[in-house]
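Here are the chains, one letter per residue:
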Amino acid sequence: MTDPDRRLLERAYEKAAAHERISLDEGVALLERGDTHLLMGLAHKRRMHMHPDNVVTYIVERNINYTNSCVTFCRFCAFYRRPGHSEVYVLTNEQLREKIQETVDAGGIQILLQGGHHPDLQLSFYEEMLQFIKGEFPQINVHGFSAPEIEHIASVEKVSVKEVIERLRAAGLGTLPGAGGEMLVDRVRKIIAPLKTTTDNWIDVHRDAHALGMRSTATMMFGHAETVAERVVHLDEVRKLQDETGGFTAFILWTFQPDNTAMWRYTKLESHAYLRAAAVSRLYLDNVENLQASWVTQGPRVAEISLRGGVNDMGSTMMEENVVSAAGTTFCMNSEQIERSIRLCGFEPQRRNVLYEEVMA
Ligand code: SF4
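Residues numbered from 1 in each chain as written. Predicted model: local features only at pLDDT ≥ 70, side-chain atom pairs only at ≥ 80, totals over all residues.

Draft legend 1. Inspection of the overall build of the chain at higher detail. When helices and strands are counted, the chain shows 15 helices and 10 strands. The globule rule puts the C-alpha radius of gyration for 361 residues at 21 Å, and the 20 Å found for the chain is close to it. With respect to the principal axes defined by its C-alpha atoms, the chain has extents near 60 × 45 × 40 Å. Burial analysis of the chain (361 residues in total) assigns 49% to the buried set. Pairs at least 24 apart in sequence give 78% of the contacts found in the chain among residues at least 6 apart. (Helix = DSSP H or I, 4+ residues; strand = E, 2+ residues; numbered from the N terminus. Rg over C-alpha atoms; globule rule 2.2 N^0.38 Å. Buried ≥ 20, exposed ≤ 12 C-beta atoms within 10 Å, placed from the backbone. Contact = placed C-beta atoms within 7 Å.)

Draft legend 2. Representation of the sheet that holds strand β5 (residues 173–175) in the model. Reading across the sheet, the 4 strands line up as β2-β3-β4-β5 and stay open at both edges, with parallel pairing between neighbours. At either margin of the open sheet sits one strand with a lone partner, and together these are β2 (61–65) and β5. Put simply, the sheet's adjacent strands are angled 40° from each other on average, direction ignored. (Pairing = 2+ DSSP bridges. Axes fitted to C-alpha atoms, helices over the stretch in contact; angles between N-to-C directions.)

Draft legend 3. Structural context of unusual backbone geometry. We note that Phe145 has phi near 70°; this positive angle belongs to a residue other than glycine. Tracing the chain through its elements places Phe145 in the loop between β4 (141–144) and α6 (147–157). Overall, Phe145 belongs to the buried group, with 28 C-beta atoms counted inside 10 Å. One non-glycine residue with positive phi stands out, namely Asn260, at about 65°.

Draft legend 4. Representation of the pairing of strand β6 (residues 216–222) within the structure. The buried fraction of β6 amounts to 7 of the 7 residues, a majority that puts the element mostly inside the structure. Judged by which residues are buried, β6 turns out to be covered on both faces: Ser216, Ala218, Met220 and Phe222 on one side and Thr217, Thr219 and Met221 on the other are all buried. Examined bridge by bridge, β6 and strand β7 (residues 248–255) share 7 bridges and lie parallel to one another. Across the sheet, the residue bridging to Phe222 is Thr255, located in β7. With helix α10 (residues 228–245) bridging β6 and the parallel β7, this β-α-β connection has right-handed handedness. (Right-handed = clockwise from strand over helix to strand, strands pointing away.)

Draft legend 5. View of the nonpolar core. In this structure, Phe251 and Leu283 are the most contacted members of the largest nonpolar core, which totals 95 residues. Broken down by element, this core gets its largest block of residues, 8 residues, from helix α11 (residues 271–284). In contact with Leu283, other than residues within four places in its own chain, are Ala16, Ile22, Leu30, Leu42, Ala43 and Arg46. (Core = buried A, V, L, I, M, F, W, Y, C linked by C-beta atoms within 7 Å.)

Draft legend 6. Geometry of the site of the ligand. The full set of residues close to the ligand is Cys70, Thr72, Phe73, Cys74, Cys77, Phe79, Tyr80, Gly116, His117, Pro148, Ala193 and Lys196. Classifying every residue of the shell around the ligand by side-chain character gives 8 nonpolar, 3 polar and 1 charged. (Near = placed C-beta within 6 Å. Nonpolar A, V, L, I, M, F, W, Y, C, P; charged D, E, K, R; others polar.)

Draft legend 7. Representation of the environment of Ile100. Examined against the element boundaries, Ile100 turns out to sit in helix α4 (residues 93–105). For Ile100, a count of 21 C-beta atoms within 10 Å corresponds to the buried category. Separated by 40 residues in sequence, Ile100 and Ile140 place their C-alpha atoms 8.6 Å apart. Setting aside anything within four residues of it in sequence, one finds Ile100 in contact with Ile111, Ile133, Phe137 and Ile140.

Draft legend 8. Region of the structure containing the packing of α4 against helix α5 (residues 123–136). It is the contact of α4 with α5, at a shortest axis distance of 11 Å, that shows an interaxial angle of 40°. When the interaxial angle is binned, α4 and α5 end up oblique. At the point where α4 passes α5, the crossing takes the right-handed sense. Touching Asn93, Leu96, Arg97 and Ile100 of α4 are Phe132, Ile133 and Glu136, all from α5. Across the contact of α4 with α5, the residue classes break down as 4 nonpolar, 1 polar and 2 charged. (Parallel < 35°, antiparallel > 145°, perpendicular 65-115°, else oblique. Left-handed = near helix turned anticlockwise from the far one by under 90°.)

Draft legend 9. Quick look at the packing of helix α7 (residues 161–171) against helix α9 (residues 199–211). Relative orientation of the contacting elements α7 and α9 amounts to 45°, with a least axis distance of 10 Å. As judged from the angle between their axes, α7 and α9 are oblique. Remark: the crossing between α7 and α9 carries right-handed chirality. Residues Val161, Lys162 and Ile165 of α7 touch α9, and the partners they reach there are Asp204, Val205, Asp208 and Ala209. Class assignment of the residues belonging to the contact of α7 with α9 gives a composition of 4 nonpolar, no polar and 3 charged.

Draft legend 10. Focus on the pairing of β7. Most of β7 is tucked away: 7 of the 8 residues are buried. Following the backbone out of β7, through α11 and into the adjacent parallel strand β8 (residues 290–292), one traces a crossover that is right-handed.

Draft legend 11. Layout of α11. In this model, α11 (14 residues) spans 20 Å end to end at C-alpha, consistent with the 20 Å of a helix rising 1.5 Å per residue. Of all 14 residues making up α11, 11 are buried, and the element is well covered by its neighbours. Residues of α11 that are buried: Tyr274, Leu275, Arg276, Ala277, Ala278, Ala279, Val280, Ser281, Arg282, Leu283 and Tyr284. (Expected span 1.5 Å × (residues − 1).)

Draft legend 12. Region of the structure containing the environment of Pro177. Tracing the sequence through the fold places Pro177 in the loop between β5 and α8 (186–192). Accessibility expressed as a C-beta count within 10 Å gives 22 for Pro177, which makes it buried. Taking the C-alpha atoms as reference points, Pro177 and Thr219, 42 residues apart in sequence, are found 8.3 Å from one another.

Laid out in structure tokens, this is it:
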């Protein structure tokens, strides 16, 4: 390491320890060259400063993928089927009812509702789906439709993104998931998902949703075509929008799962890279309250370690997961297992809603 590099890293450590905002260059220095244990220790200190209670939260919810038909063909995706493929499905209301009833029976309060970019479904389809869900289960929060889905619906319907968000919200949409962010660097997006939304458009959808008073989450999928420095550029995009709107409730990062995808030649990142990125995310995103563990891709044991490296939330229970499991990763945890993991690490488990407010089991 050269002297200037060493000084930059030392300065980044000092600022992180003092809970000061770190710059892009300092964030890159930490992620590229920081000591893993030191990063995790600093991130844990920051997390305890932001959340002094000895609590780790989680939510009981279910993933529901209403269709796998998609015309966007992301190279990292093993879930979609081309329109006309024999395995294409669109869930019926009856199937939706059954899945949500199972969620409610398990104490669930939310569904994560997402699907492929179906070429033919009009905005009225999504409105009716939401109206049906909220009519049957008014207590359930629908955390649904990624930014690229919203953009796709707007293009099929030939209306603005804002109008789509307003109409979906009026039909019962509660909050927006951060999916589709992947890596907010257009150089990378062109390689992994050339037909999908751009960085600016992803940001704009969330900005529009926040302006309408909706909250959303931000995500990052890494470990593919990006450089380590570009991971920090992604964090910077999230931090900038959060400075502007304050609308993100949480940040969730996970590593790319290459099996069964067109990008199968990429090597899966090791847990070490995940833990480093989680720690730097905690330090860099000083304006995003919550950082979720990704036990779905990392497994419960690594998620437990991350609870001492900046993470304060165990995400959600998993009754069904179709996207990551299609890429060969099949970790699953119910609420008892999540609570056991949290206690093992010396924290008290606490159920929450989408706004991170405590809910009783
Ligand atoms: S990630 Fe989403 S948009 Fe991309 S191919 Fe898969 S289902 Fe379609």
